[in-house]
Structure formats: C-alpha cells, structure tokens
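# Structure assessment
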Amino acid sequence: MSSVYGFAFRSFLYPLYETRLRGRKTLRYLAEYERQQWIEPEAMRRLQLDRVRALLEHCQRNVPFYRERWRELGFDWRDVRDVSDLQRLPLTSKDDIRRHYEAMGAEDWRGRTLRKSTGGSTGQPFHFEYTRESYERRMAVMMRGYGWAGASFGAKRLDVWGTDVGDPPWWKRTKARLFDAALRRRVLGSFHMRDDNLADYVAEIDRYRPEVIVGYTSALETLARWIDGHRAPAWRPRSVLTAAEMLSDAQRALIEKAFGAPVFHTYGCREFMLLGAECEHHTGYHLSADHLVVEVADDAGQVVSEGVGQVVVTDLSNLGMPFVRYANGDLARAHPAPYSCPCGRGLPLMGAVEGRRLDMLRTPDGRIVPGEFFPHLMKEVAAVGSFQVRQKRLDRLDILVVPRGELRDDDEAFLRREIAKVFGGSIEITVERVADIPLTPTGKRRVTVSELPATLP
C-alpha cells in the first residue's frame with residue numbers, strides 16, 4: 001500500500017498540488033537539475049559561466065550596491081571569461097547586507113520579492129529578500145540532493161526537527177499537519193527531548209516505520225545513544241539524513257549502528273537551503289554548481305586548492321536581492337579531487353564543513369536541547385543583532401546579546417517565556433546586553449557553549 005501511495009503521490013497528487021493549485025515550477029526545475037547533474041564537468045563549467053555572466057550583468061544594471069562598488073573597482077561583467085574571474089570581486093558579508101539593505105535589492109524587482117529571516121548559525125540574525133523562482137529552484141535542488149539518499153519526494157519520512165516557537169494560530173497548525181500528512185511526513189519536535197522521553201521517540205519511529213529519517217545531527221545522535229545503551233530494537237529505515245549541524249565520523253558510526261541504515265549528511269544554510277549533499281559513495285559534498293557557485297576561499301577572497309577556508313556563495317537564481325561572493329560564516333575544507341567521485345555526476349565536490357557545530361544544552365529535569373533551538377528562536381526578535389548562549393551550570397543559562405537598536409522589555413520577556421517552554425520553569429535565565437561577543441581562534445562565533453560534562457549513557 002505504501003509503494004502504491006508513493007507512486008500516486010509522485011505521479012499525480014504532488015504535481016497536481018504544486019503545479020496546478022500553487023502554480024509553481026518546482027517539478028520542472030527538478031527535471032532540469034536531474035538531467036544537468038550528469039553532464040560532463042567541462043559542460044557544467046560552461047553552463048555555470050553563462051549563468052554567472054547573466055547574473056553579473058543584472059547586478060551591474062539593476063543593483064545599486066554592486067553597481068557602485070564595481071564602478072569603484074573598475075570591474076565590468078563583460079570582462080568575465082571564466083568563473084574564476086569572480087575572485088576579482090570582494091566578498092559580501094552579512095554586515096554589508098544589514099548596512100546596505102535597500103541598495104542590495106534589485107531596482108527592477110522592487111515590491112515583488114519575498115522576505116525571510118535567519119537566526120544565523122553564527123549567532124547573528126538577519127533578513128534578506130528572494131524571488132519566487134529562486135525559492136522554487138532551491139526546493140528542486142533540495143529534492144535532488146535528498147533523492148541521492150533515497151529521500152525523494154513521496155518517500156515515507158520522519159523528521160526529528162525544530163518546531164515553531166511562540167504560539168502559532170490554530171489554522172497554521174492545522175495547515176502544517178495536513179501538509180505533512182499529504183507529504184507522508186511526520187515531525188517529532190527535537191526541542192522537547194528529555195532523558196525520560198527518548199523511549200517515546202523511538203517507539204513513535206517504530207510505529208510510523210518511515211523509509212527515511214531526517215534530523216538535526218545532535219538530536220539523532222541522542223536517540224542513537226539511547227538505542228545503543230538500551231539495546232532497544234528499532235525500525236530500520238532505508239537511510240538517515242543528518243542536517244543543520246556537522247557530523248563527525250564517530251557520530252556517523254553510532255547513528256548507522258543504532259538505525260541499521262547508511263547515514264547521508266547534507267550541508268545548507270537558510271539563505272540558500274541546500275548547498276551540497278553526499279551521494280551513495282560518500283566522497284564529499286556534491287555542490288549544486290548548476291544553481292550556485294560555492295568557493296572555499298582565504299581571508300583575501302582567493303580560492304584555496306587545499307586546506308580550510310571560508311565558504312563563499314554566489315546565488316545564480318535570486319535576482320531580487322543577489323548574493324554575489326557572500327561569505328556565509330562557515331569554514332570548509334577544499335576537496336583534493338573535486339571531480340573524482342565514481343558516481344559520474346558532473347557536480348564538483350567539497351570537503352568537510354568544519355566550522356558549524358552547535359553544542360547541546362541540558363536542563364535540570366533531563367531535557368536535551370540542540371543548540372539549533374536558539375537560532376530558531378532569535379530570528380523572531382528583530383532587536384537581536386548577535387548572541388551567544390552559555391551553560392556552566394545545569395540550572396542556569398547566560399545569554400549574551402548585542403542589540404540592534406533597543407532590546408525592549410517585552411522582547412526579553414518573549415525570549416524568557418519561549419526558553420522556559422523548552423527548558424522548564426526552574427531554569428535560571430540571565431540576559432546580558434554586551435557590545436561584542438568574542439570569536440573563537442578559527443574566527444567563528446559559537447552560538448551555544450556548554451561546559452557541562454557529558455551525562456548521557
């Protein structure tokens with residue numbers, strides 16, 4: 001019955017919903033990307049260059065920020081003959097977007113863009129604009145990457161993921177439940193995991209019997225430790241996808257042992273959704289080169305051929321607020337042989353992402369909270385410029401906030417209320433307004449810092 005529904009969903013139900021009812025071109029773009037992934041690397045580079053040149057021409061004509069910056073540099077899009085010529089341009093930072101928000105928007109797209117907020121894995125929430133086409137293309141790229149792990153749309157899926165903060169209205173909750181049911185997806189809230197309810201999570205997985213499990217790395221590691229420690233039988237899905245946080249070799253081995261399925265790690269960020277994903281050979285992250293230009297660059301913005309550098313992204317489809325050489329705050333390792341995967345895809349490889357691991361936090365009543373909860377929360381408060389959460393004691397959280405403007409009493413009350421919902425009412429919460437938050441030696445700002453000893457079995 002499951003396979004019958006899956007076939008009907010992929011062939012009739014989802015196309016009817018996505019194309020006819022919503023008027024989206026997601027499935028058309030998915031078919032395009034599915035074809036393009038198999039072209040030869042040289043053909044992929046030519047395709048990418050054509051899209052880079054079209055984007056740069058658009059920016060030079062229509063985006064005040066880039067037009068002025070490039071004029072001062074003496075840069076002209078017509079001089080670009082290779083994707084590597086992007087290195088002539090300076091990096092774009094989150095601060096650039098915050099300071100020049102209006103000038104970053106394309107003049108010919110004013111009033112026609114969508115808006116999104118991100119909590120920021122580095123603790124600096126901000127907002128950005130995007131076009132409907134870029135959203136549909138991002139969804140298509142994500143579907144393709146998840147499909148490499150056997151999680152193509154229509155697969156029966158269970159997510160261990162963050163849920164809405166605040167109190168969404170009943171109609172929004174009902175809509176989400178109906179949408180998840182239609183997608184054959186069940187969501188277990190990862191922000192409410194406790195030592196004493198992990199058995200319930202495992203039991204729900206066993207009852208639902210998903211083909212694929214998707215979740216925060218830390219949340220799935222927590223479940224895997226419980227399964228391993230209790231020698232509990234668990235449903236074996238076809239595959240497990242980890243996301244939002246980095247994945248170590250030890251975590252991969254533990255999760256694969258507990259669930260009896262291969263683990264596929266994905267890499268993305270809210271600004272672009274999926275940047276890269278592992279295929280069946282696990283040789284690195286296949287980058288979505290037909291949709292994005294992803295570079296690993298040094299501090300001067302020059303691409304590195306080996307070692308670690310910062311992740312720099314150029315979005316080839318978001319014409320409303322173009323991101324050109326945007327440094328997203330992550331650190332990654334250049335792949336020694338970017339076109340060496342035996343799968344035969346023409347998409348280049350990137351090595352391990354090394355700079356975004358969020359500490360798990362704990363509460364006096366046994367709750368286990370992924371650090372991802374706080375970017376999820378902080379994006380709801382516009383007055384939070386950057387932040388860090390520290391836990392030195394089980395019964396206390398210290399929150400450092402660099403305000404953007406005035407952090408009002410009701411903003412702080414909202415943060416305290418939402419944190420208490422997840423951590424429990426007995427937790428002591430301090431909120432300190434500071435001028436700056438120090439970076440780590442690798443240049444990263446850690447969102448959550450736990451100094452508690454590991455207490456899981």
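Bear in mind that the values here come from a model prediction, so they are computed numbers and not experimental data.

### Some points on the packing of aromatic side chains
Applying the stated rule across the entire model yields 14 aromatic pairs. Arranged with centres 5.0 Å apart and planes meeting at 80°, the rings of Phe373 and Phe374 form a pair that is edge-to-face. Given a relative accessible area of 1%, Phe373 falls into the buried group. On the basis of relative accessible area, Phe374 is assigned to the buried category, the value being 0%. Through a chain of ring-to-ring contacts, the aromatic side chains of Phe128, Tyr130, Tyr135, Phe272, Phe323 and Tyr326 assemble into a single cluster. Cation over ring: Arg112 sits above Trp109, and NZ or CZ is 4.0 Å from the ring centre. The residue whose ring lies beneath Lys156 is Tyr208, and the NZ or CZ to ring-centre distance is 4.7 Å.

### Digging into the side chain of Glu136
Following the sequence through the fold, Glu136 ends up in helix α7 (residues 132-147). Other than its neighbours up to four places away in sequence, Glu136 contacts Gly23, Arg24, Lys25, Thr26 and Tyr29.

### Observations concerning the packing of helix α2 (residues 26-36) against α7
Between α2 and α7, whose axes approach to 8 Å, the crossing angle comes to 50°. Classified by the angle their axes make, α2 and α7 are oblique. The two elements α2 and α7 meet at a crossing, and its hand is right-handed. Contacts between α2 and α7 involve Thr26, Tyr29, Leu30, Glu32, Tyr33 and Glu34 from the first element and Glu133, Glu136, Arg137, Met139, Ala140, Val141, Met143 and Arg144 from the second.

### Considerations on the sheet that holds strand β7 (residues 263-269)
One open sheet holds the 8 strands; their spatial order is β4-β3-β5-β6-β7-β8-β9-β13, and the pairing between them is mixed. At either margin of the open sheet sits one strand with a lone partner, and together these are β4 (185-189) and β13 (349-350). As defined by bridge partners, strand β3 (residues 157-161) adjoins β4 across 5 bridges and the pair is classed as parallel. Paired with Asp159 across the bridge in β4 is Val187. Contacts from α7 reach β3, β5 (212-216), β6 (239-243), β7 and β8 (273-277) within the one sheet, and its direction differs from that of β8 by about 30°. Contacting β3, β4 and β5, helix α9 (residues 198-208) runs over the sheet at an angle of about 175° to β4.

### Quick notes on unusual backbone geometry
Although it is not a glycine, Arg209 sits at a positive phi angle of roughly 55°. Structurally, Arg209 is set in the loop between α9 and β5. A positive phi angle, near 55°, is found at Arg325, a position not held by glycine. Structurally, the position occupied by Arg325 is in the loop between β11 (308-315) and β12 (326-333).

About the cut-offs
Residues numbered from 1 in each chain as written. Predicted model: local features only at pLDDT ≥ 70, side-chain atom pairs only at ≥ 80, totals over all residues. Heavy atoms only, no water. Phe/Tyr/Trp six-rings, centres within 6.5 Å; stacked < 30°, edge-to-face > 60°. Buried < 20%, exposed > 50% of the residue type's maximum accessible area, 1.4 Å probe, protein only. Lys NZ or Arg CZ within 6 Å of the ring centre and 35° of its normal. Helix = DSSP H or I, 4+ residues; strand = E, 2+ residues; numbered from the N terminus. Contact = heavy atoms within 4.5 Å. Axes fitted to C-alpha atoms, helices over the stretch in contact; angles between N-to-C directions. Parallel < 35°, antiparallel > 145°, perpendicular 65-115°, else oblique. Left-handed = near helix turned anticlockwise from the far one by under 90°. Pairing = 2+ DSSP bridges.

So far we have only geometry, and geometry alone does not tell us how the molecule works.
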